[in-house]
Amino acid sequence: MSLAGSLPSLVSLAERLFISRMCMTIPVASIFSHVPAYPGDPILSLMEGFQRDPRPHKVSLSVGLYLDEQGRLPVLQAIRRAEQQLAQNVLPCGYLPMEGAANYRAAAQRLVFGPQREAVNSGRIATLQALGGSGALKVGADFLRRYFPGAGVWVSDPTWDNHVAIFEGAGLKVGTYPYYDAATGTLCFEAMLAAIRALPCGDIVLLHACCHNPTGVDLSRQQWQALIPALVEGGLIPFVDMAYQGFGDGLDEDAWPVRALADAGVQFFAANSFSKNFSLYGERCGALHVVCADAAAAQTVLGQLKAAVRRNYSSPPTHGARLIATVLQTPELLALWQQELAAMCKRMTAMRGQLREALRARLPQRNWDYLVTQRGMFSYTGLTAAQVNQLREQHAIYLVRSGRLCVTGLTAQNIEQVAQAIAAAGVQSNGGL
């Protein structure tokens, strides 16, 4: 080979070496320089701060986790036995269908709607296994954005922060309707009903079935019976979120609003979660249900829900779904789970009562009865953001900035400490602590 023939390759090599050296010496601007820093989720970031806090007497009343009297996340006996049952016949862990496991979906549908409901027996409910309640909301939001693009979404004031994030993230506009009366710590139902009656036809109304997050204030059956005709007459699309079935008045009682909507012939969406009532947070088990006019419509809707899943995560996980289906379909395990769930609810009720008495002893001029009339894991305290900061900094007691208190973080050992700190922080709201 002649020198002339090899010259182009030598030049090419020299050029590459030169470019390589230049890249090492010249700073390269980040293509992500326009991306803002994520401020973090306010609740999850608060929990991270709690974990770093070295004070031994710290108390977390922030994140919505059910904790036992020792402050531990429980493993339910029904789940332990289901694990043992599944371990005797280990199955392959292949992909589930996009819509999820058939036995899980059927069991979830029966638990939410009841086994003898016409809507269940006629096949007009499209049920999809979802990644927890949040995943059910997300798939529903994506479906609504695609097929009802002009619809607005209306949520209660206040509501769980992630409701707004999920629906806005799907490209839907979100507004609020009146819900909580801070002056009395109760529901402002007449204002809520009037606002919903004034909404544009075709808009979406997000409703909490039970154990309202963050206030713990629920509609009564009589109020639901007044609300349902308003939803129908206004041509609105209800979207019911039920993350806490069994944490209020019982499994059937808490699902009554969903069943009443179905019995009234309403076409609507419902999301349910098994994170809390099965203490299976990390397994991400939930379901999305769409009640349709007939079975044919339900099949069409289910097909498009599957398409939404395929565009997102393709298929749901298996293990948690197997555990839940095993419990719900095994009579003795179902009975055991119901007993454990009732005990969890009883403990939350007891903590509410003890906190009321502890606060009465320190601030007898106040009326604390709303603590025991609210339902579920949460109560609004009426504490300001500054007072919440005071609780955290001076007393190592962690609440969400809004003043929301998670009653499952209370125990017989810390309830006097919490009451004393809240009393010391002072009261600014007529209806709160």
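Residues numbered from 1 in each chain as written. Predicted model: local features only at pLDDT ≥ 70, side-chain atom pairs only at ≥ 80, totals over all residues. Heavy atoms only, no water.

Undergrad: Tell me about the pattern of salt bridges, and name the residues and values.
TA: Taken as a whole and assessed by the stated rule, the structure comprises 15 salt bridges. The salt bridge involving Asp-142 is made with Lys-138; its shortest N-O contact spans 3.0 Å. In this pair, Asp-142 and Lys-138 are both assigned in helix H6 (residues 132–147), four residues apart and thus about one turn of the helix distant. Residues joined by salt bridges that share partners form a network here, namely Arg-356, Glu-357, Arg-360 and Asp-369. (Salt bridge = Lys/Arg side-chain N within 4 Å of Asp/Glu carboxyl O. Helix = DSSP H or I, 4+ residues; strand = E, 2+ residues; numbered from the N terminus.)

Undergrad: Quick rundown of the packing of helix H4 (residues 102–113) against helix H13 (residues 319–329)? Include the residues and the values.
TA: One can describe the packing of H4 onto H13 by two numbers: an axis separation of 9 Å at closest approach and a directional angle of 55 degrees. Between H4 and H13, the angle falls in the class oblique. Viewed along their axes, H4 and H13 form a crossing whose handedness is left-handed. Where H4 approaches H13, its residues Asn-103, Tyr-104, Ala-107, Ala-108, Arg-110 and Leu-111 are matched on the opposing element by Ala-321, Ile-324, Ala-325, Leu-328 and Gln-329. The residue inventory of the contact of H4 with H13, partitioned by class, reads eight nonpolar, two polar and one charged. (Axes fitted to C-alpha atoms, helices over the stretch in contact; angles between N-to-C directions. Parallel < 35°, antiparallel > 145°, perpendicular 65-115°, else oblique. Left-handed = near helix turned anticlockwise from the far one by under 90°. Contact = heavy atoms within 4.5 Å. Nonpolar A, V, L, I, M, F, W, Y, C, P; charged D, E, K, R; others polar.)

Undergrad: Could you give me a rundown of the pairing of strand E9 (residues 268–273), with the residues and numbers involved?
TA: Burial analysis of E9 places six of its six residues in the buried class, the great majority of the element. Residues Phe-268, Ala-270 and Asn-272 point to one face of E9 and Phe-269, Ala-271 and Ser-273 to the other, with burial holding for every one of them. Where strand E8 (residues 237–242) and E9 come together, four bridges link them in parallel fashion. If you follow Asp-241 over to E9, its bridge partner there is Ala-271. For E9 and strand E10 (residues 285–291), the ladder comprises six bridges, and the chain directions are antiparallel. Among the inter-strand pairings, Ala-270 is bridged to a residue of E10, identified as His-289. (Buried < 20%, exposed > 50% of the residue type's maximum accessible area, 1.4 Å probe, protein only. Pairing = 2+ DSSP bridges.)

Undergrad: Can you tell me about the packing of aromatic side chains, naming the residues and giving the values?
TA: Going through the model one piece at a time under the given rule, you end up with eleven aromatic pairs. Relative to Phe-274, the ring of Tyr-104 lies with its centre 5.9 Å away and its plane at 80 degrees, an arrangement referred to as edge-to-face. Separated by 170 residues along the polypeptide, Tyr-104 in helix H4 and Phe-274 in the loop between E9 and E10 bring together distant segments of the chain. There is no split in this pair, since Tyr-104 and Phe-274 are both buried. An angle of 80 degrees between the planes, with centres 5.6 Å apart, marks the rings of Phe-274 and Phe-278 as edge-to-face. Pair check on accessibility: Phe-274 and Phe-278 agree, each one buried. (Phe/Tyr/Trp six-rings, centres within 6.5 Å; stacked < 30°, edge-to-face > 60°.)

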